[in-house]
Amino acid sequence: HPAMVAFDAPSREECTCDRPKSNIPQQALVLLNDPEFVEAARAFAAKTITEGGGGDDARVRWAFERATGRAATPEEARVLMGVLNRHRKQFADKPDEAKKLLAVGDVPAPKDTRPEELAAWTSVCRVVLNLHETITRP
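A. Structural view of the environment of Ala41. Checked against the element boundaries, Ala41 lands in helix H3 (residues 35-51). What makes Ala41 buried here is its relative accessible area of 1%. Between the C-alpha atom of Ala41 and that of Leu129, which follows or precedes it by 88 residues, the distance is 7.2 Å. Non-local contacts of Ala41, meaning those with residues more than four positions away in its chain, are made with Thr122, Cys125, Arg126 and Leu129.

B. Representation of the side chain of Thr48 in the model. Looking at the secondary structure, you find Thr48 in helix H3. At 2.8 Å, the side chain of Thr48 forms a polar contact with the backbone oxygen of Phe44.

C. Quick peek at the packing of H3 against helix H4 (residues 56-68). With their axes 9 Å apart at the nearest point, H3 and H4 run at an angle of 130 degrees to one another. It follows that H3 is oblique to H4 by the angle criterion. Crossing geometry of H3 relative to H4 is assigned as right-handed. Each of Phe44, Lys47, Thr48, Ile49 and Glu51 in H3 lies in contact with H4, whose residues at this interface are Arg59, Trp62, Ala63, Arg66 and Ala67.

D. Fine view of the packing of aromatic side chains. In the structure shown here, the tally under the stated rule is one aromatic pair. Here Phe44 and Trp62 contribute two aromatic rings whose centre-to-centre distance is 6.3 Å and whose plane-to-plane angle is 40 degrees, an arrangement assigned as tilted. Taken as a pair, Phe44 in helix H3 and Trp62 in helix H4 lie far apart in primary sequence, 18 residues in all. When its relative accessible area of 11% is taken as the criterion, Trp62 is described as buried.

The rules behind each value
- In this convention, every chain numbers its residues from 1, walking through the sequence in written order.
- Reporting of local features is limited, given that this is a predicted model, to residues whose pLDDT is at least 70; pairs of side-chain atoms are given and counted only at 80 or more, and all residues count toward the totals for whole chains, interfaces and linings.
- Note that the side-chain values use all heavy atoms of the structure and ignore hydrogens as well as water.
- Per the convention used, a helix needs a DSSP run of H or I reaching at least four residues, while a strand needs a run of E reaching at least two, with both numbered from the N terminus.
- Think of it in three bands: residues with accessible area under 20% of the maximum for their type are buried, residues over 50% are exposed, and the middle band is partly exposed, with areas taken using a 1.4 Å probe on protein chains only.
- By definition, residues are in contact when any of their heavy atoms lie within 4.5 Å.
- Here a polar contact means two N or O atoms within 3.5 Å. Within protein one must be a hydrogen donor candidate and the other an acceptor candidate, and residues neighboring in sequence count only if both atoms are side-chain atoms.
- Lines fitted to C-alpha atoms define the axes here, with helix axes fitted over just the stretch in contact, and angles between the N-to-C directions of these axes take values from 0 to 180 degrees.
- Reported orientations rely on four angle classes, namely roughly parallel under 35 degrees, roughly antiparallel over 145, roughly perpendicular from 65 to 115, and oblique for the rest.
- Here is the rule for handedness: rotate from the far helix to the near one, and if that takes an anticlockwise turn smaller than a right angle the crossing is left-handed, while a clockwise turn gives right-handed.
- Ring pairs are drawn from Phe, Tyr and Trp, using the six-membered ring of Trp, whenever the two centres fall within 6.5 Å, and their geometry is named by plane angle: stacked under 30 degrees, edge-to-face over 60, tilted for the rest.

Here you go:
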């Protein structure tokens, strides 16, 4: 599987006790674009919308804390709010792009949220799930 190669997974022909550690651009591309990760971000976005609280700020903070195990700094929350607002506008202007993003993966997107809103939150969750801190806990 190409994703496993990007993360230095060993072949199955031999035992590997210690995997090499690397951080290459292809890993970020897999985490942002592989259908499995896009679908995971969409599921995380749906959960963020339903369980994250009553407003955007609360939801951003909820998602960040669930993924990293700590509260977002004011700067981190500000950046994620910027992502949310940019993508809300993008998907409102081009609703077909929202539907295309939400069609990625096997599990259908929930029907109880506007596609443009879910797509914007999916973008936020893709960023959160691609943070170094989320991927490789110190």
